[in-house]
Amino acid sequence: ENLRNADKFGVKSLIMKRKRDLSDPYVVAFIDDYRLLKTKHFDDELNPEFDEEFYCHVAHMTESVKFQVMDKDTIKDDNLGKYYLPVSELIKTVDENDIQSDPNIAPGDLKRVGLHKHVYLDGKKSHGSLEFFIEFIPTRMLSKSAALPGIYFNATAGNDVKLYVNADDDGSSPVVKYGGESNNEKVWNPPRLWRDIYDAFCNAKHFIYVAGWSIDTDQYLLRGEELAAALNNEKYSPKIGELLKAKSEEGVVVNLMQWDDFSSNVMFPGMMGTHDEKTRTFFKNTKVNSRFMGTCGDETNTMFQGQSKKMAFTHHQKFIIMDSPRPDGEGRELFAFVGGIDLTSGRWDNCKHPLFRSLQNEHKGDTHSACFKVSIANGPREPWHDIHSAVRGPEAIHLAQAFEERWTKQGDASELIN
């Protein structure tokens, strides 16, 4: 309260001739250089009441927590004042009196400590004050659940999940037996991610949503003999761009959401090589709804922060949702893929991770390497190993909601399926 007015001679008062031009405060908190939180901001208010709550995981060595009140401006935000909370006030250990009341704790265990503070910024009454409550909760008192606290979607039960460790499997994975008294009644068959995605695309009747950091329309979901057979005999091409375009021409709603590399244009592919301009050109004047979206900040960002986020930050989300036949054959349901493998160059691989021997067949034209410059014809290619998953059930609904919310904010909600 009673914050300083940093906008007394600001743009709004000098150019826009506004009589009421006061500071537009918000609060940030840091442990050293690591930002813990950032509140909303108030326009023209010297006595803001934020009434916000934050849950912050910390595992840092530090001497203090810094609270900083800032004035939001167009170009660069101004500092209105700081307060440093010594962690010695917050971190306390168990003593004998505590042990008498709780036999499950031992000397040296960390205590749960809460502090209510009303402090002057910079130690000066003229700079205004900050009131807050902060609580430290040791890990021994946190829930042991696998669910992460403070996340957007709550954990759900009743999901059918399949896990992948590569984009494909060529049959060379070691035999893994499990189940039964001798742990050998069943044999684990490594699932094939890109094969499963191809089949799921082909089976979609109503919609396909694709969110990716990098998407290459020229990549084939199938390779080797399967690719040749599909090109000769199957209804749909395994080439990603052609397959999505074919489904859209059947009346399937196909929405593709890809990161917009700020450094790319029609003349330059971009510093990150995500193929966004290539994808944009391929789907132009087709029935595929393709949107290219940078990360956008909120209203607390300055002009510089907003532009820098578009350039340097990305959601990095890689997930697909479509309608699919139920495994029991009774009707249809949501089916989703989510994980770390983009539908792009260099990602198709198996447990052998060949460097050279696949360059004239499975990896012909797909010699990706981010480590150093290589010959497309001669390699070596960069091996690619990552995890992914397929899911049916409540989490597929969450993924659909996540896609729809991003698309609605930065795209056109009318293009979403009802």
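All values reported here derive from a predicted model rather than from experimental measurement. (Residues numbered from 1 in each chain as written. Predicted model: local features only at pLDDT ≥ 70, side-chain atom pairs only at ≥ 80, totals over all residues. Heavy atoms only, no water.)

Visitor: If you had to explain the sheet that holds strand β11 (residues 253-259) to someone new, which residues and values would you point to?
Guide: Reading across the sheet, the seven strands line up as β7-β15-β14-β13-β10-β11-β12 and stay open at both edges, with mixed pairing between neighbours. The two strands at the open ends of the sheet, each matched to only one other strand, are β7 (160-164) and β12 (289-293). Direction aside, neighbouring strands of the sheet carry axes that sit 15° apart on average. Sheet topology places strand β10 (residues 207-212) next to β11; six bridges connect them, and they run parallel. Looking at β11, one finds that Ala-211 is bridged to Met-257. The strands touched by helix α8 (residues 394-410) are β10, β11, β12, β13 (319-325), β14 (332-339) and β15 (388-392); relative to β13, the strand with the most contacts, the crossing angle is about 125°. (Pairing = 2+ DSSP bridges. Helix = DSSP H or I, 4+ residues; strand = E, 2+ residues; numbered from the N terminus. Axes fitted to C-alpha atoms, helices over the stretch in contact; angles between N-to-C directions. Contact = heavy atoms within 4.5 Å.)

Visitor: So what's going on with unusual backbone geometry? Which residues, and what values?
Guide: In this model, Gly-379 is joined to Pro-380 through a cis peptide bond whose omega is 0°. Tracing the backbone shows Pro-380 in the loop between β14 and β15. Phi at Asp-51 takes a positive value of approximately 50°, unusual for a residue other than glycine. Looking at where Asp-51 falls in the secondary structure, it is placed in the loop between β2 (34-38) and β3 (64-71). On the basis of relative accessible area, Asp-51 is assigned to the exposed category, the value being 78%. Its identity as a non-glycine residue notwithstanding, Asn-183 has a phi of 60°, on the positive side. (Buried < 20%, exposed > 50% of the residue type's maximum accessible area, 1.4 Å probe, protein only.)

Visitor: Would you mind going over helix α6 (residues 276-283) in detail, with residue names and values included?
Guide: Listed in full, the buried residues belonging to α6 are Asp-276, Glu-277, Thr-279 and Phe-283. Summarising the axial view, the buried residues of α6 lie within an arc of 160°, below the 170-degree limit, and thus occupy one face. Taken together, the buried residues of α6 touch α5 (240-249), β11 and β12. Looking at the residues trailing α6, positive phi occurs at Asn-285, about 65°. (Arc of directions from axis to C-beta.)

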